[in-house]
Amino acid sequence: MQIIQKLDSILKDALKEIEDSKSLPSLEGLRVKYLGRKSRITAVLKGLGALPKNERPSAGKASNEIKRKIEGALEQRKEQLSRDIFDGIATTERIDITEPGVQGPKGSLHPISQLSMEIEDIFMSMGFSIAAGPEVESDYYNFEALNIPPDHPARDIQDTIWTVDQTLLRTHTSSVQVRTMETKKPPIRVVAPGRVFRYEETDASHEHTFYQVEGLLIDRDISVANLIAVMRTMLREVFKKDVKVRLRPGYFPFVEPGFELDISCHLCNGKGCSVCKGSGWEELIGCGLVHPNVLSKSGIDPDVYSGFAFGMGLDRLVMMRYGIDDIRLFHSGDLRFLKQF
Ligand code: DAH
């Protein structure tokens, strides 16, 4: 029977091509070729009508069977090809999850952050807590409440970056003193490290942006002796040895008496060098006993309480500690510099 022979030879061709096909798209092409509407099988079936009636059923049956076989072969080959693809991925893209990863470069804390955290720890061990205030500050907290009214000549000492409406970038962390006294009742012991800003031309020892630590202690019967003791303890911890200090009178409107606290030059040990300009001393901390005006403005009775306050430059302290001679290095973002700490 001619038709059956034709179908058989189509089947043979199909099975061979399916067996040889190497990819899923080419397999899909074969499916269209052998089972689609324009396939050879369809063409053969169109000739079915010309057959004698009694031969038609067996020819129809044979064609269905062939279709099924082709479908089966396609399915099998598809599975095989999919498996091969995954096996290929498994061997070429194998991931060894036990292999150690590649370590990226590690960053480190800025030397100013390091010292700031150290100082926080030192003061916390003396019973202080940490306070903070905003960098964009009002005239009131930065000046007025600190006994520096408008037109006071002390405003000229701290060249200010003004923003708008009596708002400024704080020129010192002393602004946090007032905010603390407004919210806490004595006894008060706080330190407030933070960033401050001045309208300043930069050079090796001046920056428009730098860091300070402010300290405030208020209780009954606080005297200059308490202030000196706390400063000495802090400096001993920072420099890991006893540091010689001296007090000179200093003018800050928010303290009375006010002092400049100098430390014996860390580099030359007081002998005199280029860093201390031959004097053997380094100016480090502004301090004093909190002015009664400041206490009463913040709602603390100066007849009952007294206290001391201090403020020191963190950049300065880091420079002394490591013998750094240019403050601009801190903001340079230069990794050659930063990696040393
Ligand atoms: N705020 C002062 C400054 O930036 C430093 C200072 C001096 C702070 C005396 C104080 C202080 O708390 O009592 O120059």
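No experiment lies behind these values; they were computed from the predicted model shown. (Residues numbered from 1 in each chain as written. Predicted model: local features only at pLDDT ≥ 70, side-chain atom pairs only at ≥ 80, totals over all residues. Heavy atoms only, no water.)

Caption draft 1: Seen up close, the overall build of the chain. Regarding its fold elements, the chain presents 11 helices and 10 strands. For 341 residues, the compact-globule estimate of 2.2 N^0.38 gives 20 Å, and the C-alpha radius of gyration of the chain, at 43 Å, exceeds that figure by more than 25%. Principal axes of the C-alpha set define a box for the chain whose edges measure 130 × 45 × 40 Å. Looking at the 341 residues of the chain, the share that counts as buried comes to 41%. (Helix = DSSP H or I, 4+ residues; strand = E, 2+ residues; numbered from the N terminus. Rg over C-alpha atoms; globule rule 2.2 N^0.38 Å. Buried < 20%, exposed > 50% of the residue type's maximum accessible area, 1.4 Å probe, protein only.)

Caption draft 2: Inspection of the nonpolar core at higher detail. Counting 40 residues, the largest nonpolar core has I119, F123, M231, M234, L235, I263 and I285 as its most contacted members. Contributing elements (two or more residues each) for this core: α5 (111-125), β6 (209-219), α8 (224-239), β8 (255-264), β9 (281-290), β10 (306-313), α10 (314-322) and α11 (335-338). Ranked by residue count, the leading element in this core is α8, at 7 residues. Listed in part, the 24 residues of the second largest apolar core include I188, V190, L216 and V255. (Core = buried A, V, L, I, M, F, W, Y, C linked by side-chain atoms within 4.5 Å.)

Caption draft 3: The state of the cysteines, seen in detail. Under the counting rule described, the total for this entry stands at 0 disulfides. There is no disulfide at C265, and the cysteine sulfur nearest it, in C268, is 3.6 Å away. Note on C265: relative accessible area 2%, which makes it buried. (Disulfide = S-S within 2.5 Å.)

Caption draft 4: Here's a closer look at the site of the ligand. With respect to spatial proximity, 16 residues lie near the ligand, and among them H172, S174, R198, Q212 and E214 are the closest. E214 is positioned with one of its side-chain polar atoms (N or O) 2.6 Å from an oxygen atom of the ligand. Interatomic distance of 3.3 Å between a backbone N/O atom of F310 and an oxygen atom of the ligand. Protein coverage of the free-state accessible area of the ligand, which is 360 Å², stands at 92%. Listing elements by their share of the shell around the ligand, those giving two or more residues are β6, β9 and β10. Classifying every residue of the shell around the ligand gives 6 nonpolar, 8 polar and 2 charged. (Near = heavy atom within 4 Å. Polar contact = N/O pair within 3.5 Å; in protein donor to acceptor, adjacent residues only side chain to side chain. Areas by Shrake-Rupley, 256 points an atom, 1.4 Å probe, with all protein chains shown as cover. Nonpolar A, V, L, I, M, F, W, Y, C, P; charged D, E, K, R; others polar.)

Caption draft 5: Examining the sheet that holds strand β5 (residues 188-197) more closely. Pairing is mixed across the open sheet formed by 7 strands, whose spatial order is β1-β5-β6-β10-β9-β8-β7. In the strand order of this sheet, the two ends are held by β1 (129-130) and β7 (245-249), each with one partner. Where β5 meets β6, 10 bridges bridge the pair, whose relative direction is antiparallel. Each bridged residue has a counterpart across the sheet, and for F197 the counterpart in β6 is T209. (Pairing = 2+ DSSP bridges.)

Caption draft 6: Representation of a negative patch on the surface in the model. A cluster of acidic side chains, namely D156, D159, E200, E201 and D203, defines a negative patch on the protein surface. Inspection of the secondary structure assignment puts D203 in the loop between β5 and β6. With relative accessibility at 31%, the residue D203 sits in the partly exposed group. (Patch = residues over 30% accessible without salt bridge, like charges linked within 9 Å, V, L, I, M, F, W, Y side chains within 5 Å. Salt bridge = Lys/Arg side-chain N within 4 Å of Asp/Glu carboxyl O. Lys, Arg positive; Asp, Glu negative; His and termini not counted. Charge placed at Lys NZ, Arg CZ, Asp CG, Glu CD.)

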